[in-house]
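# Observations on the model geometry
Residues per chain are reported as follows:
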Amino acid sequence: MSDSHLDWTLLGSDLTALILSHLPIASIIRASAVCKLWRSIISTPFFSNLLSTSAHHHPWFFLLGQSNILLKNNQSFAFDPDSNLWLPLPPSFLFPPPHYHHHSLIGSNGLVLSTTSSSRFLFSPILSKSWHLTSPLRFPRSNPLVGVFSDGSGSTKFIVVGGVRFIGGLVDIEDRLDVEIYTPNLDAWELCPPLPVDFRSGNSSQWLCSALYKGKFYVFGIYSCFISAFHLTKHFWTEVQTLRPPGVSFSFLIACRDQLVLAGLCNSPRGPSVNLWRVDEETMEFSEIAIMPQDLLYKLFDGYGDDKFASLKCVGLGNLIYVFNEEYHKSYPACVCEINSGTGKCSWRRIPHLPKPVNQFHKVISFCSTIPLGNILRIGEEEIGA
């Protein structure tokens, strides 16, 4: 009997759900539009639970392009590593409505957040288009670090660290700005100790990156290599240390599934390279785990001079780390490294080009995140990537 004559109802809903759960997310989106039966199965809590416990699905990589002149030039893309496919998304899925006058966008742990001109934050679950406005921060700021976490009771909170404050159009470098933690259920901000003074010379997201790992919010200087961690329950900063492997020009700290990883550009007698190091969260000692193949590195960059790698950026989540070029003229090419959880071995590959057309942006926002299935199915409803 040919496949076209199979009666899928004979399999039962649980077995059908198990089969569909092994598909890449992009294929699940399309499968939900095949028939009412599959749509109903994919929409059940049982199916969502299958996906959340499955080892077959990885977090998505998001790339958002922001134009400061024409909002219509904003673009957003999501990369599904399981199907090796970019999905172009309507900007309304990830950008707040224009009347909020939002500024910098940040993605963290299932939320998209943005500062606004009214000293508040906007936040929405990824792809849900359900925006919420917070009460005003005690200390308004631009370009802060933001992390989303769950406290011991399971409530979601987010932490705002650093950033810069403007007075009369000038940056106030003397104001260290207290850490603020927001509780959505109470619509309230809690003040905590500011970033250690060592970070004063560069305390915005232009100079710093962050990683949430084992109940701590790590802050790392991309160029200074200073590192400190804020304890999310006890509310104190650890002693500032320096985390600089030999030859590193700049680097990014990334929280992977079961380890902290440092990804950075190295200069050595053999030439430039992108290296990965495993970081011990207790001692801050590091050990090299991978070097990006040089042919892949040079496919991301061209030209000459010491500054040609200045647009290199690294983000990651789970067991995937993305290395990409933020320059428009190369259309934001990227590679990904997958770290095997069992063996620790790393495998590199280049990912496809972004689907054209790709606009020129004033700012590129990048992050990785898991997504609730219900929000993913909204993509299918608007026929994204079909």
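One numbering rule holds for all chains: residues counted from 1, following each sequence as written. Only residues with pLDDT of at least 70 are given local features in this predicted model, and only at 80 or more are side-chain atom pairs given and counted; all residues enter the totals for whole chains, interfaces and linings. The side-chain numbers reported here are obtained from all heavy atoms of the structure, hydrogens and water having been left aside.

As a further point, take the state of the cysteines. Cysteine sulfur atoms that come within 2.5 Å of each other are treated as a disulfide pair. The full count for this structure, using the stated rule, is zero disulfides. No disulfide involves C337; its sulfur sits 4.1 Å from that of C346, the nearest cysteine. The buried label applies to any residue whose accessible area, calculated with a 1.4 Å probe on protein chains only, is under 20% of its type's maximum; exposed applies above 50%, and partly exposed to all values in between. Residue C337 is classed as buried on the basis of its relative accessible area, which comes to 0%.

Let us look at the pattern of salt bridges. Whenever a carboxyl oxygen of Asp or Glu lies within 4 Å of a side-chain nitrogen of Lys or Arg, that contact is scored as a salt bridge. Under the defined criterion, the tally for this structure stands at four salt bridges. In this structure, R141 and E180 form a salt bridge, with 2.9 Å as the shortest nitrogen-oxygen distance. On the criterion of sequence distance, the pair formed by R141 in the loop between β7 (132–133) and β8 (145–150) and E180 in strand β12 (residues 179–183) is long-range, its members being 39 residues apart. K313 is the partner of E326 in a salt bridge, and the nearest nitrogen-oxygen pair spans 4.0 Å. Of the two residues, E326 sits in the loop between β23 (320–325) and β24 (334–339) while K313 sits in strand β22 (residues 312–317), which places them 13 residues apart along the sequence. Given a relative accessible area of 28%, E326 falls into the partly exposed group. Every helix listed is a DSSP run of H or I at least four residues long, and every strand listed is a run of E at least two residues long, numbered separately from the N terminus.

Attention now moves to the pairing of strand β16 (residues 226–231). Of all six residues making up β16, five are buried, and the element is well covered by its neighbours. Counting the residues that bridge the hairpin from strand β15 (residues 216–221) to β16 gives four residues, and of these C225 lies at a positive phi of roughly 65°. Where β16 meets strand β17 (residues 241–242), two bridges bridge the pair, whose relative direction is antiparallel. Looking at the pairing, I227 lines up with Q241 of β17. Whether two strands pair depends on DSSP finding at least two bridges between them.

Moving on to a nonpolar patch on the surface. Together, L11, L15, L18 and I19 line one region of the surface with nonpolar side chains, adding up to about 300 Å² of accessible area. Take L18: its relative accessible area is 40%, and that puts it in the partly exposed class. Only residues whose relative accessible area exceeds 30% and that form no salt bridge are eligible for patches; like-charged ones are grouped when within 9 Å, while nonpolar side chains (Val, Leu, Ile, Met, Phe, Trp, Tyr) are grouped when within 5 Å. Only the protein chains shown count as covering a residue, and every accessible area follows the Shrake-Rupley method with a 1.4 Å probe.

With that settled, consider the side chain of N325. Tracing the chain through its elements places N325 in strand β23. Nitrogen and oxygen atoms within 3.5 Å of one another constitute a polar contact, given that in protein one can donate a hydrogen and the other can accept it, and given that sequence-neighbouring residues count only through two side-chain atoms. Looking at N325, its side chain comes within polar contact range of the main-chain oxygen of L300, at 2.8 Å. In this structure the side chain of N325 is engaged in a polar contact, spanning 2.9 Å, whose partner is the backbone nitrogen of E327. Contacts were defined at the residue level, with two residues in contact if any of their heavy atoms lie within 4.5 Å. Beyond its immediate sequence surroundings of up to four residues, N325 is in contact with L300, F301, S311, K330, Y332 and P333.

Let us now look at the environment of P96. Note on placement: P96 falls in the loop between β3 (85–89) and β4 (102–108). Take P96: its relative accessible area is 5%, and that puts it in the buried class. Sequence separation between P96 and S124 is 28 residues; the distance between their C-alpha atoms is 8.6 Å.

Attention now moves to the packing of aromatic side chains. The pairing test for Phe, Tyr and Trp rings, Trp by its six-membered ring, is centres within 6.5 Å, and the orientation test on the planes gives stacked under 30 degrees, edge-to-face over 60, and tilted for anything in between. This model, assessed by the stated rule, comprises 23 aromatic pairs. Residues F61 and Y322 carry aromatic rings whose centres are separated by 4.3 Å and whose planes lie at 15° to one another, so their mutual orientation is stacked. Remark: Y322 occurs in strand β23 and F61 occurs in strand β1 (residues 60–66); sequence separation between them is 261 residues. An identical accessibility class is assigned to F61 and Y322; each is buried. Here the aromatic rings of F250 and F252 are separated by 6.1 Å at their centres, their planes lie at 85°, and the arrangement is edge-to-face. Taking relative accessible area as the criterion, F250 reaches 7% and is therefore assigned buried. Taken together through their ring pairs, the aromatic side chains of F61, F77, F79, W86, Y322 and F324 make up a single cluster. The rule for a charge over a ring is simple: NZ of Lys or CZ of Arg within 6 Å of the ring centre, and within 35 degrees of the ring normal. We note K129 situated over the ring of F93; from NZ or CZ to the ring centre the distance is 4.8 Å.

Right, let's talk about unusual backbone geometry for a bit. Where the residue is not glycine, phi is negative for most of them; where a peptide bond is considered, it is trans in most cases. Each neighbour pair has its own omega, and for K356 with P357 the value is 0°, a cis peptide bond. Locating P357 in the fold gives a position in the loop between β25 (346–350) and β26 (363–369). Of note in this structure, N143 is not a glycine but carries a positive phi near 55°. Structurally, the position occupied by N143 is in the loop between β7 and β8.

Residues enter a nonpolar core if they are buried and are Ala, Val, Leu, Ile, Met, Phe, Trp, Tyr or Cys, with the set joined through side-chain atoms within 4.5 Å. One finds Y218, L253, L276, M292 and L312 to be the most contacted residues of the largest nonpolar core, which totals 44 residues. Within the second largest apolar cluster, 33 residues are counted, among which are L50, V112, L127 and F367.

Moving on: the confidence of the model for the protein chain. Per-chain confidence: the protein chain averages 85 in pLDDT, with 88% of residues scoring 70 or above. The score called pLDDT rates the predictor's confidence residue by residue, from a low of 0 to a high of 100. Within the protein chain, β16 carries the highest mean pLDDT (97), whereas strand β11 (residues 170–171) carries the lowest (52).

If you trace the four strands from one edge of the open sheet to the other, you get β3-β2-β1-β26, paired in antiparallel fashion. Bordering the open sheet on either side are β3 and β26, each of which pairs with just one other strand. The average undirected angle you get between the axes of adjacent strands in this sheet is 20°. Of the pairings in the sheet, the one linking strand β2 (residues 75–80) to β3 comprises five bridges and is antiparallel in character. Of the residues in β3, the one forming a bridge with A78 is L87. A fitted line through C-alpha atoms serves as each axis, taken over the contacting stretch for helices, and the angle formed by two N-to-C directions is quoted from 0 to 180°.

Turning to the pairing of strand β9 (residues 156–161), a few remarks are in order. A large share of β9 lies buried, amounting to five of its six residues. In this sheet, β9 lies alongside β8 in antiparallel orientation, the contact comprising six bridges. Across the sheet, G147 pairs through a bridge with I159, a residue of β9. Following β8, the chain reverses through five residues before pairing antiparallel with β9; G154 in that reversal takes a positive phi of roughly 95°.

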